[in-house]
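Examination of the molecular architecture
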Amino acid sequence: MRTAIIILLLSLCGPVYSAQMAVAGLAGGGLIFKQVQSVRERKFSDIVEQKTDFSCGAAALATILRQAYWLDVNEEQVIKGMLMNSDQKLVQTQGFSMLDMKRYAESIGMRARGYRIPPEKLEAVTIPVIVLMEIRGYKHFVVMQRAQKDWVYIGDPVLGHKRYTHEDFVKGWNGIVFAIIGPGYDKTNALLDPPAPLTAKNKLDTFYPVKDAELMDFGFIQSDFF
C-alpha cells in the first residue's frame, strides 16, 4: 500500500511541459492552436537546473557554457570533469569552489577569471558571470545575467530566473564575479535578456550587444571573436 501511494505521488509531481492549446478562432467553429509554456518552463528557460545538493557551481557553469558558448554540456558532465581535479570529500561537504570551476574551464580550452568589483560597478558587467551569494546562511552559486541601476537579474540553478533589488543582491553577494572567457562567445546570448517577471507591467529595457572593446575588459582577446 505504501509503495502504491509513493508511486502515485511521484506521478502527480512529474514535470509539466509546454503544449499546444486550442482556442476559439474565426466565426464558424475554426480553432487556432497556440503554443503555451508552463510557469516552471518559463522559470528555468535557458538555465540548467541543479540535481544534487552540492552541484550549484556545476549547473551555473553548464548554463554559461551552453548559452554563451553553445557547448553541448550538461550538469553531469561538468560534475565529472570537476571531480577529476578536486577533493571529493571536501566537495561532498562544501560543494565545488571557484578553483574547481577554473580548473575545469581550463581543461576544455577556456579561461576563467575572478574580479572583485564595487557594487556601484555592477552595471558595467556586460557578460553573464557566476557569483557566490549567501542566502539564509547557505552559500550558493548563481549566474548573474545582467544588472541595472535598481535590479539585478539572476539565473538560479534551484529557483530559476530571479530578480533582486540592487540593495538585496549586494547584501548576499561576496563582491566577486567569476567570468568564463574563450572563443565562440555569443554576444547576443539569451542570458543577457532574461524574461521579465510574470508580475512585471513593463518589459526589460532592450539589450544591445556589447562591443569587442568592452569584452576585452573581462579578458577576451581578439582571436576569441574569429
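Every chain is numbered independently, its residues counted from 1 as its sequence is written. Given that this is a predicted model, residues contribute local features only at a pLDDT of at least 70 and side-chain atom pairs are listed and counted only at 80 or more, while totals for whole chains, interfaces and linings are drawn from all residues. Calculated side-chain values reflect all of the structure's heavy atoms, with hydrogen atoms and water omitted.

Some remarks on the pairing of strand β7 (residues 160-165)
- Sheet topology places strand β6 (residues 151-156) next to β7; six bridges connect them, and they run antiparallel. Paired with isoleucine 154 across the two strands is lysine 162, which belongs to β7.
- Two strands make a pair as long as DSSP finds a minimum of two bridges between them. By definition, any uninterrupted DSSP run of H or I lasting at least four residues is a helix, any uninterrupted run of E lasting at least two residues is a strand, and each is numbered from the N terminus. The turn joining β6 and β7, which pair antiparallel and follow one another in sequence, is formed by three residues.

Regarding the packing of aromatic side chains
- Here a Phe, Tyr or Trp ring, Trp counted by its six-membered ring, pairs with any other such ring whose centre lies within 6.5 Å, and the pair is stacked when the planes are under 30 degrees apart, edge-to-face when over 60, and tilted otherwise. Overall, the coordinates contain five aromatic pairs when judged by the stated rule.
- The interplanar angle of 80 degrees and the centroid separation of 5.8 Å between the aromatic rings of tyrosine 115 and phenylalanine 218 together place this pair among those described as edge-to-face. Linking tyrosine 115 in strand β3 (residues 111-116) with phenylalanine 218 in the segment after α8 (212-215), this pair joins segments that are 103 residues apart in sequence.
- Judged by centre distance (5.2 Å) and plane angle (50 degrees), the rings of tyrosine 185 and phenylalanine 220 are tilted. Of this pair, tyrosine 185 sits in the loop between β8 (173-181) and α8 while phenylalanine 220 sits in the segment after α8, placing them 35 residues apart in sequence. Across this residue pair, the class does not change: tyrosine 185 and phenylalanine 220 are buried.
- Through pairs of rings, three or more aromatic residues link up here, namely Tyr69, Tyr185 and Phe220. Classification of residues uses two cut-offs on accessible area relative to the type maximum, computed with a 1.4 Å probe and protein chains only: under 20% is buried, over 50% is exposed, and between them is partly exposed.

A few points about the nonpolar core
- In terms of nonpolar packing, the biggest core is built from 57 residues, with Leu61, Tyr69, Val131, Met144, Phe169 and Ile180 touching the most fellow members.
- At the level of secondary structure, the elements contributing two or more residues to this core comprise α3 (56-69), α4 (75-83), α6 (98-107), β3, β4 (129-135), β5 (138-147), β6 and β8.
- Looking at this core element by element, the count peaks at ten residues for α3. By nonpolar core is meant a set of buried Ala, Val, Leu, Ile, Met, Phe, Trp, Tyr and Cys residues that side-chain atoms within 4.5 Å join together.

Focus on the side chain of glutamate 75
- With respect to the helices and strands, glutamate 75 occurs in helix α4.
- For the purposes of these results, a polar contact is taken to be a pair of N or O atoms within 3.5 Å, where, inside protein, one atom must be able to donate a hydrogen and its partner to accept one; residues adjacent in sequence count only when each atom of the pair is a side-chain atom. In this structure the side chain of glutamate 75 is engaged in a polar contact, spanning 2.6 Å, whose partner is the side chain of serine 55.
- In contact with glutamate 75, not counting residues within four places along its chain, are Val48, Glu49, Gln50, Lys51, Thr52, Ser55, Ala58, Ala59 and Ala62. Contacts are residue-level and defined by heavy atoms, with any inter-residue pair within 4.5 Å sufficient.

Here we look at the sheet that holds β4
- Strands sit in the order β3-β8-β4-β5-β6-β7 across an open sheet of six strands; the sheet is antiparallel. What marks the edges here is a single partner per strand, and that holds for β3 and β7. Ignoring which end each strand starts from, the neighbouring axes of this sheet average 35 degrees apart.
- Together, β4, β5 and β8 form the strand contacts of α3, whose direction differs from that of β5 by roughly 20 degrees.
- Of the strands in this sheet, β3, β4, β5 and β8 are in contact with α6, which crosses β8 at around 5 degrees. Angles shown run from 0 to 180 degrees and are taken between the N-to-C directions of axes, each axis being a line fitted to C-alpha atoms and, for helices, limited to the stretch in contact.

Some details on the layout of surface pockets
- Residues are called lining when one of their atoms sits within 4 Å of a cavity or pocket point, these points coming from a 1 Å grid over the protein atoms alone, where a cavity is a set in which a 1.4 Å probe fits but cannot get out and a pocket is an open set with protein on both sides within 12 Å along at least five of seven lines. Grid points are joined across faces, edges and corners, and a volume is the space filled by probe spheres set on the points. Considered as a void within the structure, the largest pocket measures approximately 400 Å³ in volume.
- The wall of the largest pocket is formed by 24 residues, among which Gln94, Gly95, Phe96, Ser97 and Phe141 lie closest to the centre.
- Every element with two or more residues in the lining of the largest pocket is listed here: α3, α5 (88-94), α6 and β5.
- With five residues, α5 is the single largest residue contributor to the lining of the largest pocket.
- Each residue receives one of three labels: charged for Asp, Glu, Lys and Arg, nonpolar for Ala, Val, Leu, Ile, Met, Phe, Trp, Tyr, Cys and Pro, and polar for the others, Gly being one of them. Here the residues of the lining of the largest pocket are counted per class, giving ten nonpolar, nine polar and five charged.

Here we look at the packing of α3 against α4
- Close contact between α3 and α4 brings their axes to 8 Å; oriented N to C, the two are set at 120 degrees. Crossing angle aside, the handedness with which α3 passes α4 is right-handed. Contacts between α3 and α4 involve Gly57, Ala58, Ala59, Leu61 and Ala62 on the former and, on the latter, Glu75, Val78, Ile79 and Met82.
- Residues of the contact of α3 with α4, tallied by class, amount to seven nonpolar, one polar and one charged. With the far helix as reference, a near helix turned anticlockwise by less than a right angle produces a left-handed crossing, and one turned clockwise produces a right-handed crossing.

Concerning the confidence of the model for the protein chain
- Summing up the model confidence of the protein chain, the mean pLDDT is 81 and the portion of residues at 70 or higher is 76%.
- Scored below 50 in pLDDT, residues 1-17 shows three contacts in the model against residues more than four places distant or in partner chains. Confidence of the predictor at the level of single residues is given by pLDDT, which spans 0 to 100.

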